[in-house]
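Structural features, examined
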Amino acid sequence: MRWHCLQHLPSEGPGHAADWLAAHGHSLAFTYLFAPAPVFPRLADFDGLLVLGGPMSVYDDESCPWLGAEKAFIKAALRAGKVTLAICLGAQLVAQALGAEICPNHEPEIGFWTVRFSAQALAHPLLRGWPEKAAVLHWHLDTFTVPPGAIRVGMSAGCATQGFVWGDGVIGLQFHPEMKAEMVEQLMAFEDHENAEEQQFVQTAAQIRARLKSVWKGRKLLESLLANLVAVHEEELQG
């Protein structure tokens, strides 16, 4: 498959996703939204879309002038039926494109927290092989409602909507299964989290470091998900 990645921050790349795609013979091209003049591909030039996270909000159009073009591109990709995996900010952008409401979460959710996946979502082919729950990395202030016609992926104690599945090949995740340990360190440095105080759903830098081995749980979820997304694409080609 030909994958295309929308990346919003130099240090917040595709991580484990890039490793899995390369290991299984899939290509990965990029649009860097932090570049002076981001260039989006033609819809005919890719099969799967990967939309990553970032520190901005979906409503930051004034400070992020490229957001309008990105939103239009995502809508076009969805209309074209592109297989899509969206993470954190990416999930919020795709959710908004599908008619969901984006708003501040009742509390920030930062650190490794357990997500309980819904029975309905686990029955969907895209989540084949997932466990009932997993402790994964979170780093967000905003949240979203489940888009019309979508299935809620799951929930945590700090956030009622941890993702959605829409149709056969579109999934958005509020948490970060793609992050490697070194990426978590870079994120903490970027967010100046070293001296952050513990809150109800915010872990300190030391608490996050003590749980860094948990990134493997996110990696396992991501690898299963990517394999299932590829299978959806292959079925469409045969179909």
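Residues numbered from 1 in each chain as written. Predicted model: local features only at pLDDT ≥ 70, side-chain atom pairs only at ≥ 80, totals over all residues. Heavy atoms only, no water.

As annotated in an unreviewed UniProt entry, the protein is Type 1 glutamine amidotransferase from Hymenobacter montanus.

1. Let's talk about helix α7 (residues 215-238)
The criterion, for reference: Under the DSSP-based scheme used, a helix requires at least four consecutive residues in state H or I and a strand at least two consecutive residues in state E, with every element numbered from the N terminus. Working rule for helices: expected span equals 1.5 Å times residues minus one. Any residue under 20% of the maximum accessible area for its type is buried, any over 50% is exposed, and the rest in between are partly exposed; the area is computed with a 1.4 Å probe on protein chains only.
Taking 1.5 Å per residue, 24 residues should reach 34 Å; α7 reaches 35 Å between its end C-alpha atoms and fits that length. Burial in α7 covers these residues: V215, G218, L221, L222, L225, L226, N228, L229, V230, V232 and H233.

2. Notes on the UniProt feature "domain: Glutamine amidotransferase" (unreviewed entry) in the protein
Where we set the bar: UniProt positions are given in the numbering used here, feature names are shortened, and annotations may be inferred rather than shown by experiment.
According to UniProt, the "domain: Glutamine amidotransferase" (unreviewed entry) feature falls on residues 43-186. Here residues 43-186 runs as 22% helix and 35% strand, with 32 Å between its end C-alpha atoms.

3. Here we look at unusual backbone geometry
Within the chain, C88 stands out as a residue other than glycine whose phi angle is a positive 55°. Mapped onto the elements, C88 comes out in the loop between β4 (83-87) and α3 (89-97). Its identity is not glycine, yet D192 carries a phi of approximately 50°, on the positive side. Looking at the secondary structure, you find D192 in the loop between α5 (181-190) and α6 (205-210).

4. Considerations on the pattern of salt bridges
One side chain can pair with another of opposite charge once the charged atoms of both are near each other. As a reminder, the rule being used: For this document, the term salt bridge refers to a Lys or Arg side-chain nitrogen within 4 Å of an Asp or Glu carboxyl oxygen.
Across all of its chains, the model carries 7 salt bridges by this definition. For the salt bridge of R2 with D47, the shortest nitrogen-to-oxygen distance reads 2.9 Å. A residue pair is termed long-range when its members are at least 10 positions apart, and R2 in strand β1 (residues 2-7) and D47 in the loop between β2 (27-32) and β3 (48-51) qualify at 45 residues. Residue R2 is classed as partly exposed on the basis of its relative accessible area, which comes to 35%. Salt-bridge contacts for R209 lead to E185; the nearest nitrogen and oxygen are separated by 2.8 Å. With R209 in helix α6 and E185 in helix α5, this pair connects stretches of sequence that are 24 residues apart. Taking the relative accessible area as the measure of exposure, R209 reaches 32% and is therefore partly exposed. Overall, E185 belongs to the partly exposed group, its relative accessible area being 29%. Several salt bridges converge on common partners, so that one network encompasses E185, E194 and R209.

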